[in-house]
Amino acid sequence: MALNLKRKREKAAAASNKKRHHSLTHLGSEDASPIDASHPSEEETPDDNSSAGEEGAEEIPVGDNAHESHGADHKSKKPPTGEELRVIKDAAELYRSGSFKLQIDALLPHVRPKESRKPPLDRFLHSLHAFLVSLPSLPAQNPIVAAQNLAKQGVAVPYALPLPTRESKWRVEFEKPSDVTIVGTWANQLSVKQKDGVQFGVDVAIEMPSTLFQEKDYLDGRFFHKRSFYLATIAAAISTSMSTDVFYDAAQGDPRLSVLVLRPRNDGSQNDFSKLHAEVRIIPTLPPSSPIPLHRLSPAHSNVRLSAEAGRQQAATPLYNSTILLSTFPKSELLFTHQLKESSPAFRDAHTLLRVWAHQRGYGGGSNICVRGFEGKGSWWSSLLGLLVTGEESSQANGKKASQRRPLGRGLSSYQLFRAALDFLGNPPAKHNFADNAVFVKATNGHRFPPEEYAAHHPAVFVDPTSTVNLLAGVPLSSLESLMHDARKTLEQLNGSSANEDVFAEVFLKDQCHLSTRFDAVIRVDLSRTSPSLSALAVMDHGSFDSALLSEVSAILRRGLGDRTQAITILHPSSAVRAISETQPGRLSRIHIGLNYNPEHAFRLVDHGPSAEEQQSEEATRFRELWGEKAELRRFKDGRILESVVWEVKTSDERAHIPATIVRHLLHRHFGIAADDIQTLQTPFDALLRLPDDVVQLHQNSGSLGGFKAAISAFDDVVKKLKALDDQLPLALLNISPVSEYLRYTSAYSPLPIPTSTALAVPESLRYLPAIEIILEFEKSSKWPDDLHAIQKIKLAFFESIATALMASSPGIKASVVVGDLRTSGVQDQAGLEIVTSQGWAFLARIWHDREATLLDRIINSNKNPLRPVLSDTSFGKERREANEARDLYTRRFIHAPRHHRAVANLCHHFSAYSGAVRLVKRWLASHWLLQGHVSEEAVEILCAKFFVGTSGIGASSTENAPTVPKSKERAFALVVEFLKDWKWEEPLFVPLYESSDGSSIPEVHALGSKQGVWTISTAEDKGGRMWTSSGPDAVAAQRVRSLARAAWNIMQKTDAEYYDVKGLFNPLDDYHILIELDPSVLPRYYHCFNANPRIWSRSGDASGRRDGSPFRIGFDPAKLFIEDLERTFAETLKFFYDPYGGDRIGAVWLPAVDKARPFRALGGFSSIPLPTEKSKDKALVTLNKQSILDEIERMGAGLVVKITTRQQ
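From a predicted model like this one, the values you see are computed outputs, not experimental measurements. (Residues numbered from 1 in each chain as written. Predicted model: local features only at pLDDT ≥ 70, side-chain atom pairs only at ≥ 80, totals over all residues. Heavy atoms only, no water.)

## Regarding the overall build of the protein chain
- Looking only at helices and strands, one finds 36 helices and 32 strands in the protein chain.
- The burial tally for the protein chain puts 55% of its 1209 residues in the buried class.
- Per element, the accessible surface of the protein chain, about 51,900 Å² overall, is 50% carbon and sulfur. (Helix = DSSP H or I, 4+ residues; strand = E, 2+ residues; numbered from the N terminus. Buried < 20%, exposed > 50% of the residue type's maximum accessible area, 1.4 Å probe, protein only. Areas by Shrake-Rupley, 256 points an atom, 1.4 Å probe, with all protein chains shown as cover.)

Below, the structure is given as structure tokens:
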């Protein structure tokens, strides 16, 4: 009763705070679930509801259901008692927040087996026990003969290396198990549902009689051979006598770890436990009375003898020894875990949270990919929590006494214990470094083996409470560093998230195994054609060729990459069950290597080694052996002569891929893997942001050198020249602010100048010269007029004076005054000064006069202006509307644009991947005909900034080294796509673009979507979030963005299985009602087109200048002007889509509102024709005259439009 009351109070507190909780059905969503929603074990049945109370994990209503439940039960309005207030306070203090605790309570019962489905399993286990203890004995026989006898029954014996021979003097035999015990997580009710539909594991330990073994069975795999025969004999018996499917399974493909897997046949019998979605795993174990001396299994002993090395002292076999010791571990682990569960009330829930968190990141089994080394390491997670609860055994490893870790106590909540585990793994600076510090969980009887032996023979040491088994044996250090990296990332999310941000789904529900969003670089390695030479002893110690190979790959890459990466992760498919007729597990055909960059060192050009004086040292030998022919002696400017490796690059793109280049070199040198078998996902993205090579060559031949740095240099030169004109201008020039994407590194393509002297040599289809916008700010003066129309005239006069003085003082510069669209009102800023430098750069200058805002506000805010004649309501309404439009333009152009430019430029300098990410997203949206026309470029830049500044802004917790910040443009692009596919527009997005902030300073923003724009992207300077989204995207375009993002996300997920074509993400669709094809030869920006045809500009190389004598027009894009005319003319009829980067097609869809019959009226807003009908009363109905509109479009595009194609709706 008290428990129910506690839950009701917690739900009431959550409802009063208006916290939105994840519903339990969210656990089954596509990308935010650790489990499969269609899974049989997740189906709710009446029996399940009645059994929830038996588990002590009753389903808790969440959100609105919680409120309804509370309202139904709480009949009298009584104040909360002291106990209830304490519970509410504890929920906030011990579980981060009350809503977070409710979410945990809702999650736990859904990742555990249901009690109502266990009885069939219990009956099966009883029958299995009776069957096992009644098995007949088999006489001793030669291992090869025994395997041949079983093969006749269709059962293979999974012998491990070194394989037995007919000459073997020892024998194998079978006797019934001396004990049968349920062990593992199932016995302690700690089972946790894994990803990808992996079944619950019910581990059954069968103790092999000690009479089967001899004292020397620890040598040369004899114990494993006897174990394999014992397992195969049971497999043959069960397959012929019990109604169940029998398989072999071996964690990490190691035949020494083979177990027997029993799965129900779903036949509806009383022993059919298929609804539980579990499998029984039979594990042979070694009895305590075994004659095998355990002291011979210490890490320093060598127990594999190779004839080729007879007479020499052989290396230790720590992994081999540890695998034998694992056969003694199940029962002792069962007892230790049970004691933890009994002594620490929160242990079970904390263990569940930790396992769910680990499964979502690939640290365990699954049908897709897993992190190398963690498959079959389930006991390590409980021992990790045990270390925190019970403390650490004192030791003296690595020649020095290690500091003893004190216990945290047994009274922590489940969330606190989970946080403590993450803190142990990843709190920077890391509280534990697996490479340097050995861990020994508190043991009852002290150390079984000398602690220094573990540190000397294992890369990482974590010894269990029995002081017998190193639970991290065989786990590469790179995988542990990846685990620590993920722990730091989660801690950053938990610490940095705001109260309004729901981080629970990010931590526990979301699948974090997607390669494209998890790693800065992904390298796919095909191993099917690789057979590197490995030491025979290494293969035997690791148990399989694949294990030895991946261990060596991990060590080599870790040495070679060094501090270039924060984490190196090797991922591969999880081991799958195999038929009992198959002897060995299958070989790995491919692996993926994920790199998380360290931005401070990832892209350096030189790796330094020992000095010339140390040429004969062991370090120098190891350096040359690692790098091979790449290593060479080099003299540096400071006089040092060092062994060095220099990575030659020609472009910034190549430099960004230096880590992947290092991986490719090391894999080829040390393992003979061909270059074609090593594919990097990130490389194809570079071509999407590069101009065609022949276009670049044509511009270089004309003497122009483009790029962002050249554009910024040209801007600085123009600033100096304008500043030098102060004596010749009426007012002093105070500031010149850039507001162009070409000056902040975010344009999809780097800018190219066109020198006037050589412009005629450039084909007409390559003559696009963008105007780089800048803002001029003069000193304040009372001489400015108070009339808006007069201010615009004064600006023209200013520009005329500037142009005259600039051309007189700087020969080679051309300046001309331009006026914008004359159809706009006279109070709107439309004057500009075009400046073309001698190098071919074009700038468009505008004047910012702050008095304009005051005059516009005066018109907007006053109902009557006493200083002017009285106007009619219609005239004044028009004046106010024009003033509003001019005010919006003024605010966007002169206030927000310079601030936005400075903030974005700062991000580009602060985060190396930000610029490339923005460019990729712009290119992706443009290729699907959505950029500029529907989604503004500034909105894209703010949206991309979200994944770099997080919720704290620059200078706080979000630094480039932070685990959550992407270090490559490809990863950032994938994160943006992932966000767009699920973003709900009614949830406004806040991005701390301008300054550092914490979660509490985030303003409350409400989504104020309009018909023209449904996105709300707010910043500290734009709290309304409408500055860059007020005119788009509307609901149609936003829905298209979401659909395209989902399609792109599905393509990117193919990385896990195959190497996909990156260009497929950028191929435009043609699912429009109307397709208007343009003549590419008259499009000066056509060379930017995604699928541009080089023949267009190659056959027009001798084009002459324009009729007006100028070789080009600044910013002239006829396709853009044409689509602006179309949008203005057919705004109420069609919605247009177009690629602003040289697109030669325009798509259009009919608006649903006008595609219906309606009564005729004058000035209907679109061309119409009478609707043919036989009923006289309907003769006044008209419908859209589509053919007339198509004819009008063709007439408007004469000389530009080639063909118009229509499609049925």
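Here the narrative resumes, following the displayed structure.
## Observations concerning the pattern of salt bridges
- Throughout the structure, instances matching the rule amount to 50 salt bridges.
- Across the pair Glu 941 and Arg 744 runs a salt bridge whose closest N-O atoms are separated by 3.2 Å. Of this pair, Glu 941 sits in helix 31 (residues 937–949) while Arg 744 sits in the loop between strand 19 (733–738) and strand 20 (771–778), and the two are 197 residues apart along the sequence. Assigned by exposure class, Glu 941 and Arg 744 land together as buried.
- Glu 1021 is the salt-bridge partner of Arg 899, the closest N and O atoms lying 2.8 Å from each other. Of the two residues, Arg 899 sits in helix 29 (residues 873–910) while Glu 1021 sits in the loop between strand 25 (1017–1018) and helix 33 (1035–1052), which places them 122 residues apart along the sequence.
- For Arg 899, a relative accessible area of 30% translates into the label partly exposed.
- For Glu 1021, a relative accessible area of 35% puts it in the partly exposed group.
- Taken together, the shared-partner salt bridges in this structure form one network comprising Glu 773, Lys 795, Asp 829, Arg 846, Glu 852 and Arg 893. (Salt bridge = Lys/Arg side-chain N within 4 Å of Asp/Glu carboxyl O.)

## Overview of the confidence of the model for the protein chain
- Per-residue confidence for the protein chain gives a mean pLDDT of 84, with 86% of residues at or over 70.
- Predicted confidence in the protein chain is weakest over helix 2 (residues 46–55), with a mean pLDDT of 36, and strongest over helix 30 (residues 914–927), with 96.
- For the stretch residues 1–75, pLDDT sits under 50, and the model shows 129 contacts to residues farther than four places along the chain or on other chains. (pLDDT = per-residue confidence, 0-100. Contact = heavy atoms within 4.5 Å.)

## Brief notes about the environment of Ser 644
- For Ser 644, the position within the fold is in strand 17 (residues 641–646).
- Under the relative-accessibility criterion, Ser 644 is labelled buried at 0%.
- For the pair Ser 644 and Val 606, spaced 38 residues apart in the sequence, the C-alpha separation amounts to 6.6 Å.
- If we skip the residues at most four places from it in the chain, Ser 644 touches Val 606, Asp 607, His 608, Phe 623, Lys 630, Ala 631, Glu 632, Arg 634 and Phe 636.
- Side-chain polar atoms of Ser 644 contact the backbone oxygen of Leu 642, separated by 3.3 Å. (Polar contact = N/O pair within 3.5 Å; in protein donor to acceptor, adjacent residues only side chain to side chain.)

## Points about the packing of aromatic side chains
- Enumeration according to the criterion identifies 38 aromatic pairs in this entry.
- For the ring pair Trp 380 and Phe 462, a centre distance of 5.7 Å and an interplane angle of 70 degrees mean the geometry is edge-to-face. Of this pair, Trp 380 sits in helix 13 (residues 378–390) while Phe 462 sits in strand 10 (residues 462–463), and the two are 82 residues apart along the sequence.
- The buried category is assigned to Trp 380, whose relative accessible area is 0%.
- By relative accessible area, Phe 462 is classed as buried at 0%.
- Ring geometry for Phe 947 and Phe 979: centres 5.9 Å apart, planes at 75 degrees, overall edge-to-face. Of this pair, Phe 947 sits in helix 31 while Phe 979 sits in helix 32 (residues 969–982); the two residues are 32 residues apart in sequence, bridging distant segments of the chain. Across the pair, exposure class does not vary: Phe 947 and Phe 979 are buried alike.
- Counting every residue linked through ring pairs, the aromatic cluster contains Trp 357, Tyr 363, Phe 374, Trp 380, Trp 381 and Phe 462. (Phe/Tyr/Trp six-rings, centres within 6.5 Å; stacked < 30°, edge-to-face > 60°.)

## Observations concerning the sheet that holds strand 26 (residues 1074–1078)
- Ordered in space as 27-28-26-32, the four strands form an open sheet in which the pairing is antiparallel. Since the sheet does not close on itself, it has two edges, and those belong to strand 27 (1134–1138) and strand 32 (1201–1206), each with one partner. Within this sheet the neighbouring strands show an average axis-to-axis angle of 20 degrees, counted without direction.
- Looking at chain direction, strand 26 and strand 32 are connected through five bridges and run antiparallel. Counterpart to Glu 1077 in the pairing with strand 32 is Lys 1203.
- Sitting on the sheet, helix 35 (residues 1118–1129) is in contact with strand 26, strand 27, strand 28 (1145–1150) and strand 32, with an inclination near 165 degrees to strand 27. (Pairing = 2+ DSSP bridges. Axes fitted to C-alpha atoms, helices over the stretch in contact; angles between N-to-C directions.)

## What to know about the sheet that holds strand 11 (residues 521–526)
- Pairing in this open sheet of five strands is antiparallel, and the strands run 8-12-14-11-18 from one edge to the other. A strand with exactly one partner marks an edge of an open sheet, and here the two such strands are strand 8 (369–371) and strand 18 (678–680). Each adjacent strand pair in this sheet contributes to an overall mean axis angle of 25 degrees, direction not counted.
- Both strand 8 and strand 12 (residues 565–573) contribute to a ladder of three bridges, which runs antiparallel. Bridging from a neighbouring strand, Cys 370 pairs with His 572 of strand 12.
- Against the sheet, helix 23 (residues 658–671) engages strand 11, strand 14 (590–597) and strand 18, with an angle of about 140 degrees to strand 14.

## A look at unusual backbone geometry
- Cis peptide bonds are those with omega within 30 degrees of zero, and the linkage from Leu 161 to Pro 162 qualifies with -5 degrees.
- Position of Pro 162 among the secondary structure elements: in the loop between helix 7 (143–151) and strand 2 (172–174).
- Across the junction of Gly 1032 and Pro 1033, the peptide omega takes the value 5 degrees, indicating a cis bond.
- Following the sequence through the fold, Pro 1033 ends up in the loop between strand 25 and helix 33.
- One non-glycine residue with positive phi stands out, namely Asn 266, at about 55 degrees.
- Structurally, Asn 266 is set in the loop between strand 6 (258–263) and strand 7 (278–285).
- Judged by relative accessible area, which is 59%, Asn 266 ranks as exposed.
- In this structure, Trp 929 takes a positive phi of about 65 degrees despite not being glycine.
- Position of Trp 929 among the secondary structure elements: in the loop between helix 30 and helix 31.
- Judged by its relative accessible area of 4%, Trp 929 falls in the buried class.

## Let's talk about the nonpolar core
- Counting residues in hydrophobic clusters, the biggest one holds 285 residues, and the most contacted among them are Leu 260, Trp 380 and Leu 776.
- The residues touching Leu 260, leaving out its near neighbours within four places in the chain, are Leu 231, Ile 234, Ala 235, Ile 238, Val 246, Phe 247, Tyr 248, Val 280, Arg 281, Ile 282 and Ile 580.
- Counting 34 residues, the second-largest nonpolar core is a separate cluster that includes Val 553, Trp 647, Leu 666 and Ile 673. (Core = buried A, V, L, I, M, F, W, Y, C linked by side-chain atoms within 4.5 Å.)

## Focus: helix 11 (residues 330–343)
- If you check helix 11, its first and last C-alpha atoms are 20 Å apart, about what 14 residues at 1.5 Å a residue would give, namely 20 Å.
- For helix 11, the full list of buried residues reads Pro 330, Glu 333, Leu 334, Phe 336, Thr 337 and Leu 340.
- Close packing links the buried residues of helix 11 with strand 3 (179–183), helix 8 (184–187), strand 7, helix 10 (318–326), helix 12 (347–359) and helix 13. (Expected span 1.5 Å × (residues − 1).)

## Description of the environment of Leu 920
- Along the chain, Leu 920 turns up in helix 30.
- Taking the relative accessible area as the measure of exposure, Leu 920 reaches 0% and is therefore buried.
- Taking the C-alpha atoms as reference, Leu 920 lies 9.2 Å from Ala 972; in sequence the two are 52 residues apart.
- What Leu 920 contacts, discounting residues up to four positions off in sequence, is Phe 685, Leu 688, Leu 689, Lys 969, Glu 970, Phe 973 and Phe 1066.

## Points about the side chain of Glu 970
- Tracing the sequence through the fold places Glu 970 in helix 32.
- In this structure the side chain of Glu 970 is engaged in a polar contact, spanning 3.0 Å, whose partner is the side chain of Lys 969.
- Beyond its immediate sequence surroundings of up to four residues, Glu 970 is in contact with Ser 516, Asp 520, His 657, Gln 682, Phe 685, Asp 686 and Leu 920.

## Quick notes on the packing of helix 30 against helix 31
- Across the interface, helix 30 lies against helix 31 with an axial gap of 9 Å and an inter-helix angle of 135 degrees. Compared by their axis directions, helix 30 and helix 31 come out oblique. Crossing hand, helix 30 versus helix 31: right-handed. Contacts from Tyr 914, Ala 917, Val 918, Val 921, Lys 922 and Leu 925 in helix 30 reach Glu 937, Val 940, Glu 941, Ile 942, Cys 944, Ala 945 and Phe 948 in helix 31. (Parallel < 35°, antiparallel > 145°, perpendicular 65-115°, else oblique. Left-handed = near helix turned anticlockwise from the far one by under 90°.)

## Concerning the environment of Pro 318
- Checked against the element boundaries, Pro 318 lands in helix 10.
- For the pair Pro 318 and Glu 453, spaced 135 residues apart in sequence, the C-alpha separation works out to 9.4 Å.
- Not counting residues within four places of it along the chain, the set of residues in contact with Pro 318 comprises Pro 299, His 457, His 458 and Asp 541.

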